[in-house]
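Structure at a glance
Each chain is listed here by its residues.
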Amino acid sequence: SGASMAMGTLGMLFTGTPLAWLVEHLSWRAGFAVLGGLSALAWLWICVAVREPAAPGSGAGGAPALRESLREAVGRFAALFTLPHTWGIVALGSVTYAAFISLRGLWLGPLLIERHGLSLVESGHVALAVSLVSLCGPLLFGRLDPGAGTRRRWIMACTLAVAALFVAFAFAERTWGDG
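The notes below deal with the structure included here. Small disclaimer: the values here were computed from a predicted structure and weren't measured. (Residues numbered from 1 in each chain as written. Predicted model: local features only at pLDDT ≥ 70, side-chain atom pairs only at ≥ 80, totals over all residues. Heavy atoms only, no water.)

With respect to a nonpolar patch on the surface
A contiguous nonpolar surface patch, about 720 Å² in accessible area, is contributed by Phe14, Val34, Leu38, Leu41, Trp43, Leu44 and Val48. The dominant element in the nonpolar patch, judged by the number of residues it contributes, is helix H4 (residues 28–49), at six residues. On the secondary structure map, Trp43 appears in helix H4. Judged by relative accessible area, Trp43 falls into the exposed class, the value being 57%. (Patch = residues over 30% accessible without salt bridge, like charges linked within 9 Å, V, L, I, M, F, W, Y side chains within 5 Å. Areas by Shrake-Rupley, 256 points an atom, 1.4 Å probe, with all protein chains shown as cover. Salt bridge = Lys/Arg side-chain N within 4 Å of Asp/Glu carboxyl O. Helix = DSSP H or I, 4+ residues; strand = E, 2+ residues; numbered from the N terminus. Buried < 20%, exposed > 50% of the residue type's maximum accessible area, 1.4 Å probe, protein only.)

Considering the side chain of Ser134
The residue Ser134 is located in helix H7 (residues 120–144) in this model. By relative accessible area, which is 14% here, Ser134 ends up buried. Ignoring any residue separated from it by four or fewer positions in sequence, one finds Ser134 in contact with Thr9, Met12 and Phe100. (Contact = heavy atoms within 4.5 Å.)

Remarks on the nonpolar core
Among the nonpolar cores identified, the biggest contains seven residues, and these are Trp107, Leu108, Leu111, Leu112, Leu118, Ala127 and Val130. Broken down by secondary-structure element, the contributors of at least two residues to this core are helix H6 (84–115) and H7. Tallying contributions element by element places H6 first for this core, with four residues. (Core = buried A, V, L, I, M, F, W, Y, C linked by side-chain atoms within 4.5 Å.)

A short note on the packing of aromatic side chains
Note on aromatic pairs: each is described by the distance of the centres and the angle between the planes. Tallying each qualifying case throughout the model produces three aromatic pairs. A ring pair is formed by Phe77 and Phe81, whose centres lie 5.4 Å apart and whose planes are at 75°; its orientation type is edge-to-face. Residue classification places Phe81 among the partly exposed positions, given a relative accessible area of 29%. Seen in terms of ring centroids, Phe81 and Trp87 are 5.0 Å apart; in terms of plane orientation they differ by 45°. Their pairing is tilted. Of the residues examined, Trp87 reaches a relative accessible area of 51% and is grouped as exposed. An aromatic cluster of at least three residues, connected via ring pairs, comprises Phe77, Phe81 and Trp87. (Phe/Tyr/Trp six-rings, centres within 6.5 Å; stacked < 30°, edge-to-face > 60°.)

What about the pattern of salt bridges?
Side chains that differ in sign of charge can pair as their charged atoms come close. Taken as a whole and judged by the stated rule, the model has one salt bridge. Among the salt bridges present, the one from Arg76 reaches Glu68, with a minimum N-O distance of 2.8 Å. Note on Arg76: relative accessible area 60%, which makes it exposed.

Things to note about the packing of helix H3 (residues 17–25) against H4
Running from amino to carboxyl end, H3 crosses H4 at an angle of 135°, the nearest separation of the two axes being 7 Å. The angle between H3 and H4 falls in the class oblique. Contact residues: Leu19, Leu22 and Val23 in H3; Trp28, Ala30, Gly31, Val34 and Leu35 in H4. Here the residues of the contact of H3 with H4 sort into seven nonpolar, one polar and no charged. (Axes fitted to C-alpha atoms, helices over the stretch in contact; angles between N-to-C directions. Parallel < 35°, antiparallel > 145°, perpendicular 65-115°, else oblique. Nonpolar A, V, L, I, M, F, W, Y, C, P; charged D, E, K, R; others polar.)

Things to note about the packing of H6 against H7
The geometry of H6 relative to H7 is characterised by a closest axis approach of 9 Å and an angle of 160° between their N-to-C directions. On the basis of the axis angle, H6 is roughly antiparallel to H7. You can see that H6 and H7 cross each other, and the crossing is right-handed. Contact with H6, carried on its side by Phe100, Arg104, Trp107, Leu108, Leu112 and Ile113, involves Leu120, Ser123, Val126, Ala127, Val130, Ser131 and Ser134 of H7 and no other residues of that element. A per-class count over the contact of H6 with H7 returns nine nonpolar, three polar and one charged. (Left-handed = near helix turned anticlockwise from the far one by under 90°.)

What follows is the structure, given as structure tokens:
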């Protein structure tokens, strides 16, 4: 799970220093063009490389497996929301990821460039560092998982620590304090 979360954040590495350099040397339109091109390449790669797994019972001599209907799939998905812990996971994920993306997006531009006078590429370096932390964090937490008995306390403590850092960022006056 941690590895798949980390892989999902790889795109943020491109929006750090490389994108800042491109925008500073060419234009913001060039940045959008490159990101659009990379998105199209990712889509093409998925279309070519990803295939449905062979259904059990299909193939030589086996009866074709029944395909799940959209209604059945939605019903199975909706059943997840009847589990008591699902809503806590959804709430925590929504708040923590939204806070991280807001901090990364709002903090890097106005705060580092306008308030502290960093260049676009310098703020890109910070974005790259923040992205690397977000890339390694899930992998590291997955390896340091204390087990079911104390996992909830670890998650609560880490979430409260991040909330405290947000409060500290709000009142920091120096560049190192904001970072």
